[in-house]
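# Descriptive analysis of the structure
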Amino acid sequence: METTRVLLATPGQIGPLRVRNRVVMAPMGTNYSTTDGLSTERDKLYYAERARGGVGMIMTEAMVVTEHARPHHNSLCCYHDRFIPGLASLVEAIKAHGAYVCGQLNHRGALLRRSVLNMEPVGPSPWKNPNTGDAVRPLTVPEIVEIQKLFVDAARRLQQAGYDGVEVHAGNGYLFQQFFTPRINKRADQYGGSFDNRARLLLETIARLKDAMPDFPLIVRLSASEFAEGGYSQDEIIELAHRLEASGVSALDISGGSNESPQLSKYCIQTPSFPRRCLAPYSKPIKEAVSIPVLVAGRIVVPEDAEAVLAEGCADFVSLGRALYADPHWCLKAFGEVKAPIRKCIACNICFERLTLEKDVACVHNPMIGTEFEALEYAEPQLVSTSRTVHPRRALVLGAGVSGVEAARVLAGRGHDVEIWEKADRPGGQMPLAIAAPDKREVEPVWTYRWQEAQHLGVRVRTGVSASAQSIREFNPDFVIVATGARPRPCPFDTSRLDASVIVADAWDVLATPERVPPGARATIIGGGMVGLETADLLSLHGVSCTIVEALPAVAASMARNNRMELIERIEARGTRILTGVTVLAAEASGIEIEGADGSTTKLEIGDFLIVAIGPTSDSEGARVCAGAGVPFAVVGDAYRPGDFLSCLRDAWMVALSIDHRFRDERKPTPAGSATDSFQHSRSTIYD
C-alpha cells in the first residue's frame, strides 16, 4: 500500500461500529425507487456495487419521514411500515460485502416543491422558496412536535430493517437548518430568536431519538457555514456541535451551503472552480471542538485528497459523494486491490441536475451507473477473467476521440483485437476544446482515464488516416465502430456583406487558438450554449469585450444549474453582455440587424470579431464509407447524434459490449497475423 494512503485505509470507530476504513459514502439521491417510494432491484445493484467496491460505511439517500414531504417522484421513503421489507433487502445486499449501512432521514421544509407531488413548503416563518417562488407556511408548535415524532418512527423502522445507524440531515438548507439560521427563522416563540430557541427543534428531536433508541448510533449532518450574509456564525455552529455531542450523538457529518439557490447550493455541490478539499478548513474547528468523530465532504476526488484531510486533522472520516457516482470501486483502487485508475469526478454536476429535473441519476464518467453493467466485470473487464470473450473478434474504430477510445478500451478489455484510425494528426478529438476554458481542466480525466487504459491494453492507434471503403475492406474487420464525432455548424446567415475589418471565426477555432483574439478586442458571439459561454469566459479573462446573442429565452440551458449560474455570474462580472430571445436578421458593414422577442429590430455593432457558436452537426462520412465497404458497423457518440460526454460514452460502452451478442451464433476465428500488417499509411503515426 502506498504510504500516502495509510490513514485512509485504517479502521475507525463511529459509536459502537468499527468501520473497516475511513471512507463513508455520502447520502445522495438516485430516483431509482418506485413512484411510491419502495426500494427496487436497481437500488440494490447501485448500493451493493459500492459496498463491493470497498466503502467502509454507506449512507443511503435521504428518506422522508412523512408522505407530505416527498422531494422527488422516485425517492426512497420510510414513513410507513410497508417500506421495511424493501429496505431490509437493501441492507442485506450492502452488508453482504462487508460495509456498514446508515440511513439518512430528512425533511426539506421550505424547500419542498409544489411541482413535485404537490408538496407544501413549510418552515419556521413566512418566506419564499428561492428556487420556485412558492410561499412557505410557518409550522405550528403541534406540527413541530408531530414532525419530531415522525423522525423517531422512521428511525425505528430503519433499525427494524437492519440498519446500523441513522443520520439526521440538519444541513444544506433543509428544515433543521431553516430553524437554526436567523436568516430564515423570524419566529417569536420558543423555536425562534435566541441560539437556544433556534437550536431547539434539532436538539429536541435528537433527545427523542436517544430516548426511544438509546443504543442506536446517531449521526447529524451540519453545514459548517451557510456562506450567506445574515446566517449563523462559526461560533454558533461550534456551540451546536458541543450540544449535539452532549446529547449522545455518535458523529458529526460536515457539509456546507444551502440548496435553496444555485448561488448557495454550489457550496455543497461544488463546481470545478472550487479547490479540492474545499470544506476541510471549515470542518477543522468543529473537529477540534468535539471528541466524537467528524466526517467531511467537499471535492474529495482522489485518495491523496482524502489522505490530506485526515493528516491535517480536519476530520476522522471522509464523506465521498459524487466520487462514488463516478467510480463505485474507488476504495479498492485507492488501496491497490484493483489495478486500474480511478475514474475521477469532474464536478460537471449532471447528476444533481438530473435529480432536479426528476430524472434518474446519471454520471458522465460512469454512464452505466445504477445498472448491472457498472459492475467491475463490465467497467474494467480486463481485470476479470470471466469477462473476456471466448471468441475474439477483429474490430476497427474510426475516430480517436473520447467515444472511440472508450469503445476500444472496452473491446480490448474483453479480449478483442482492436485498432483505431484517426483522421487528425493526434488523438483526442474535441477534448482540447472541452478543457480550453477556465476551470475546465477538471474535465480532463474523462479523456486521460480512457486513453491511458487503452494504451495499457495495447490498443493500436493510427493518426493521419483517412478511411476509405477499400482500406476498410483490406483491413477485413469483423465489425466497425464509427466514432468520427461532429463538426461545427456553419454561420446561419450571410456574412459576405460585412466589412473586411470584421473577422468571422468559429468558436471551436477560437477555443483552440484564443491568442488570435487580442486583449482589448471586441467580439460578438452568435450562440449562447455552453460553447458560446465558455468562449466568452476564456476571452473575457484576457481582456476581450464580449457580447453573446442567443435566440432562446435562456443561455446554456443544458448545463447543470450550479455550474451554469456560476459561469454566467463570472462572465457578467467581466462586462460580458448577454442578449436572449434575439434573432439575427442580417449582417452588413460592421453590424448585425437583430430582432427581439417583442418584434422590435435594432442594429448591433459587432466589433472586431464575429464568433459563431451555434452547435455541432454529426460527421456522417465514416458511416457512408462503412456502408460502401459492406462491413457491419454501428455509429456512436456525436457521429450518431451530437450530445454530451454522458451520451457519447454510454453509446460507446454499450455498443462495444454488444459485439459478442452480434456474433453469438458464429464461431469465426480471429484472422491470422497482426492487424498492423494489413494496413499501412505513409502519413500515419502508430501509438503502440
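What counts, and at which threshold
- Residues numbered from 1 in each chain as written.
- Predicted model: local features only at pLDDT ≥ 70, side-chain atom pairs only at ≥ 80, totals over all residues.
- Heavy atoms only, no water.
- Helix = DSSP H or I, 4+ residues; strand = E, 2+ residues; numbered from the N terminus.
- Rg over C-alpha atoms; globule rule 2.2 N^0.38 Å.
- Buried < 20%, exposed > 50% of the residue type's maximum accessible area, 1.4 Å probe, protein only.
- Contact = heavy atoms within 4.5 Å.
- Lys, Arg positive; Asp, Glu negative; His and termini not counted.
- Charge placed at Lys NZ, Arg CZ, Asp CG, Glu CD.
- Axes fitted to C-alpha atoms, helices over the stretch in contact; angles between N-to-C directions.
- Parallel < 35°, antiparallel > 145°, perpendicular 65-115°, else oblique.
- Left-handed = near helix turned anticlockwise from the far one by under 90°.
- Disulfide = S-S within 2.5 Å.

Another aspect to go through is the overall build of the protein chain. Along the backbone of the protein chain there are 24 helices and 29 strands. Relative to a compact globule of 688 residues, whose C-alpha radius of gyration would be 26 Å, the protein chain shows 27 Å and is just as compact. Seen along its three principal axes, the alpha-carbon backbone of the protein chain occupies a region of about 80 × 65 × 45 Å. Burial analysis of the protein chain (688 residues in total) assigns 60% to the buried set. A fraction of 72% describes how many contacts in the protein chain between residues 6 or more apart in sequence connect residues 24 or more apart. Of the charged side chains in the protein chain, 73 are positive and 82 negative; the average position of the first set lies 2 Å away from that of the second.

The contact between helix H16 (residues 402–413) and helix H18 (residues 445–456) brings their axes to 9 Å, and the two run at 40°. When the interaxial angle is binned, H16 and H18 end up oblique. In this structure, H16 crosses over H18, and the sense of that crossing is left-handed. In this structure, H16 contributes Val402, Val405, Glu406 and Arg409 to the contact, and H18 contributes Val446, Trp447, Tyr449, Arg450, Trp451, Glu453 and Ala454.

For the rest of this paragraph, the subject is the state of the cysteines. One pass over the full model with this rule turns up 0 disulfides. Here cysteine 78 stays unpaired: no disulfide links it, and the sulfur of cysteine 77, its closest cysteine neighbor, is 8.7 Å away. The exposure class assigned to cysteine 78 is buried, which follows from its relative accessible area of 0%. In this structure cysteine 102 is not part of a disulfide, and its nearest cysteine sulfur, from cysteine 78, lies 12 Å away. With relative accessibility at 1%, the residue cysteine 102 sits in the buried group.

By themselves, these figures tell us nothing about what the structure is for.
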